[in-house]
Amino acid sequence: MLACRAAHPQRAEYLEAHAVTVAVNASESIRKPGPAWFQLRRPHLGGADNERRIEMSTGQASQVTVLGLGAIGAAVSRVLLANGYRTAVWNRSADKATALVEHGARPAASAADAVATSELVILAVTDYAAARAVLEQVGAALTGKVLVNLTTGTPEGARRIQRMARERGADYLDGCVQGGADQVGTAEATLLYSGSLAAYEAHAATLHTLSTSSTFLGESVGTANLYDLAILNLWYESQSAFLHMLATFQDEGEPVKAFVPYAEWILEATRAGFADTATQVAESSYPVEVGGLAEHARVLGDLVEMREKSGVAVAPVAHLAGLVRQRLDSGADRQDLTSVIAAIRR
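Residues numbered from 1 in each chain as written. Predicted model: local features only at pLDDT ≥ 70, side-chain atom pairs only at ≥ 80, totals over all residues. Heavy atoms only, no water.

Asker: When you look at the nonpolar core in this model, what are you seeing that I'm missing?
Answerer: Counting 31 residues, the largest nonpolar core has Val 76, Leu 80, Ile 122, Val 148, Leu 150, Tyr 193 and Leu 210 as its most contacted members. Other than its neighbours up to four places away in sequence, Val 76 contacts Val 66, Ile 122, Leu 150, Val 184 and Leu 210. Core analysis: the next-biggest nonpolar cluster, separate from the first, contains 21 residues, Leu 123, Val 138, Leu 147 and Met 164 among them. (Core = buried A, V, L, I, M, F, W, Y, C linked by side-chain atoms within 4.5 Å. Buried < 20%, exposed > 50% of the residue type's maximum accessible area, 1.4 Å probe, protein only. Contact = heavy atoms within 4.5 Å.)

Spelled out as structure tokens, the structure:
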């Protein structure tokens with residue numbers, strides 16, 4: 001019926017092969033990955049035009065400062081200490097440094113004191129508001145340093161922190177940790193960096209200790225956060241769609257576990273089509289493979305009706321249906337669903 005079906009012609013074989021994983025009346029629970037997306041093994045995030053991998057044989061600092069000792073900051077500190085780095089640590093609540101001090105970390109009385117001891121400063125705090133507050137405290141102590149910010153935020157937030165770092169005479173590298181704190185220091189954590197290439201190259205070996213899967217995405221400082229949030233966005237939206245459908249199954253009195261292999265199949269089919277979709281968007285060309293926008297509009301209408309009947313929120317599907325309708329009204333019937341990006345970007 002739709003293009004996604006053509007993308008996985010072996011769907012019957014896929015479902016048959018995976019049916020053994022779900023029994024409608026099974027008493028055992030379905031095996032799931034960990035409690036969040038970051039428990040999954042992530043592939044190397046390669047292929048971007050502006051990506052640059054750095055040879056890790058050089059670029060090592062002997063002394064590093066870590067500001068912020070929450071889950072990520074503490075994990076970073078432990079990994080640095082385990083790899084022989086003299087590590088100065090600071091946290092607003094000093095008691096969080098106790099365990100690290102027992103393993104050789106050097107506590108600092110203030111953020112400025114901690115920064116003064118090292119050329120490389122790693123910042124890992126709750127959010128960008130907290131990051132700005134720390135930078136206000138350290139002031140001129142950052143002059144001549146390299147600041148690596150592992151605080152999660154937005155591209156615009158990264159640009160603002162970069163301006164603050166530069167005003168204080170520091171080189172700046174923004175980073176995002178795709179992984180849990182217990183995965184820092186292993187290949188299971190993917191670290192994305194953007195900003196100063198010189199800073200990344202100068203400290204590549206040190207940063208490599210935090211993850212053997214480190215990627216420099218480009219000198220536009222917001223790029224790492226763009227990738228980070230885009231990855232999380234896909235996870236959230238796919239989880240939301242799955243949960244909405246499970247709620248609909250419950251309303252219909254159907255066992256939710258029975259849907260699992262079908263959900264796995266369609267997500268795999270969707271993943272297999274990502275490269276083609278990106279090519280269509282890059283080239284602004286949306287050829288129809290199976291069915292046009294009118295057919296998508298009909299199916300989306302059925303989805304809205306079914307979800308309304310089940311008392312499940314229709315907003316996400318109704319929004320997409322509206323975008324399809326805009327494209328149809330503009331005469332784009334003989335285009336693929338991908339063409340709705342023209343309406344998304346308005």
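Continuing now.
Asker: Which parts of the structure should I look at to understand unusual backbone geometry?
Answerer: The phi angle of most residues is negative, glycine excepted, and most peptide bonds adopt the trans form. Even without a glycine there, the phi angle at Ser 284 is positive, about 50°. Relative to the elements of secondary structure, Ser 284 occurs in the loop between α12 (274-283) and α13 (293-310). The exposed category is assigned to Ser 284, whose relative accessible area is 55%. (Helix = DSSP H or I, 4+ residues; strand = E, 2+ residues; numbered from the N terminus.)

Asker: Mind showing me how you'd approach the pattern of salt bridges here?
Answerer: Proximity of charged atoms lets side chains of opposite charge pair with each other. Counted by the stated rule, this structure contains eight salt bridges. One salt bridge in this structure joins Glu 136 and Arg 168, with 3.4 Å as the shortest N-O distance. Within this pair, whereas Glu 136 is found in helix α6 (residues 128-138), its partner Arg 168 is found in the loop between α7 (155-167) and β6 (171-178), the two being separated by 32 residues in sequence. By relative accessible area, which is 54% here, Glu 136 ends up exposed. Taking the relative accessible area as the measure of exposure, Arg 168 reaches 14% and is therefore buried. The residue Asp 302 makes a salt bridge to Arg 298 at a minimum N-O spacing of 3.6 Å. Of the two residues, Asp 302 and Arg 298 are both situated in helix α13; the distance of four residues between them amounts to about one turn of the helix. Classification of Asp 302 as partly exposed rests on a relative accessible area of 43%. (Salt bridge = Lys/Arg side-chain N within 4 Å of Asp/Glu carboxyl O.)

Asker: Explain the side chain of Gln 280 here, please?
Answerer: By secondary structure assignment, the location of Gln 280 is in helix α12. Relative accessible area serves as the criterion here: at 10%, Gln 280 is assigned to the buried category. Among residues more than four places away in sequence, those in contact with Gln 280 are Ser 285, Tyr 286, Pro 287, Asp 336 and Thr 338.

Asker: It is not clear to me how helix α10 (residues 223-251) should be interpreted in this structure. Could you clarify?
Answerer: Residues separated by three or four positions in an α-helix point in the same direction, a consequence of the helix having 3.6 residues per turn. For α10, spanning 29 residues, the distance from its first C-alpha to its last is 42 Å, which sits close to the expected 42 Å at 1.5 Å a residue. Turning to α10, its buried residues number three or more, namely Thr 223, Ala 224, Asn 225, Asp 228, Leu 232, His 244, Met 245, Leu 246 and Thr 248. Looking at the buried residues of α10, the elements they touch are α6, α7, β6, β7 (190-195) and α13. Of the residues flanking the end of α10, it is Gly 253, one or two places downstream, whose phi is positive at about 75°. (Expected span 1.5 Å × (residues − 1).)

Asker: Looking at this model, I keep getting lost on the confidence of the model for the protein. Mind explaining?
Answerer: For any part of a model where pLDDT is low, the fine detail of the predicted coordinates should not be relied upon. For the protein, per-residue confidence averages 85 on the pLDDT scale, and 82% of positions sit at 70 or higher. Below pLDDT 50 for its whole length, residues 1-58 participates in 96 contacts with residues either more than four positions away or in separate chains. (pLDDT = per-residue confidence, 0-100.)

Asker: Explain α7 to me, please; I cannot follow it from the model alone.
Answerer: Here α7 spans 19 Å end to end across 13 residues, near enough to the 18 Å set by a 1.5 Å rise per residue. Restricting attention to buried positions, one finds in α7 the residues Pro 155, Gly 157, Ala 158, Ile 161, Gln 162, Met 164 and Ala 165. On the buried face of α7, the contacting elements are α6, β5 (146-149), β6 and α10. Within two residues after α7, Gly 169 carries a phi angle of roughly 80°, on the positive side.

Asker: So what exactly am I meant to see when it comes to the sheet that holds strand β3 (residues 106-107) here?
Answerer: Remark on secondary structure: sheet strands pair via backbone hydrogen bonds, oriented parallel or antiparallel. Here we have eight strands laid out as an open sheet, ordered β3-β2-β1-β4-β5-β6-β7-β8, and mixed in their pairing. Both edges of this open sheet fall to β3 and β8 (213-216), since each of them pairs with a single strand only. When strand β1 (residues 63-67) meets strand β2 (residues 86-90), the two strands line up parallel, connected through five bridges. Counterpart to Leu 67 in the pairing with β2 is Trp 90. Its contacts with the sheet put helix α3 (residues 71-82) on β1, β2, β4 (120-123) and β6, and the angle it makes with β1 is roughly 165°. (Pairing = 2+ DSSP bridges. Axes fitted to C-alpha atoms, helices over the stretch in contact; angles between N-to-C directions.)

Asker: Explain the packing of aromatic side chains here, please?
Answerer: Each aromatic ring pair is specified by the distance between its two centres and by the angle formed by the two planes. As enumerated under the stated definition, the model contains five aromatic pairs in all. With 5.2 Å between their ring centres and 35° between their planes, Tyr 200 and Phe 216 make a pair best called tilted. Of the two residues, Tyr 200 sits in helix α8 (residues 197-202) while Phe 216 sits in strand β8, which places them 16 residues apart along the sequence. Comparing Tyr 200 with Phe 216 shows no difference in burial state: the two are buried. Ring geometry for Phe 249 versus Phe 259: centroids 4.9 Å apart, planes at 35°, classification tilted. On the criterion of sequence distance, the pair formed by Phe 249 in helix α10 and Phe 259 in the loop between α10 and α11 (260-272) is long-range, its members being 10 residues apart. Among the residues examined, Phe 259 registers a relative accessible area of 19% and is labelled buried. The structure contains a cluster of three or more aromatic residues connected by ring pairs, namely Tyr 193, Tyr 200 and Phe 216. (Phe/Tyr/Trp six-rings, centres within 6.5 Å; stacked < 30°, edge-to-face > 60°.)

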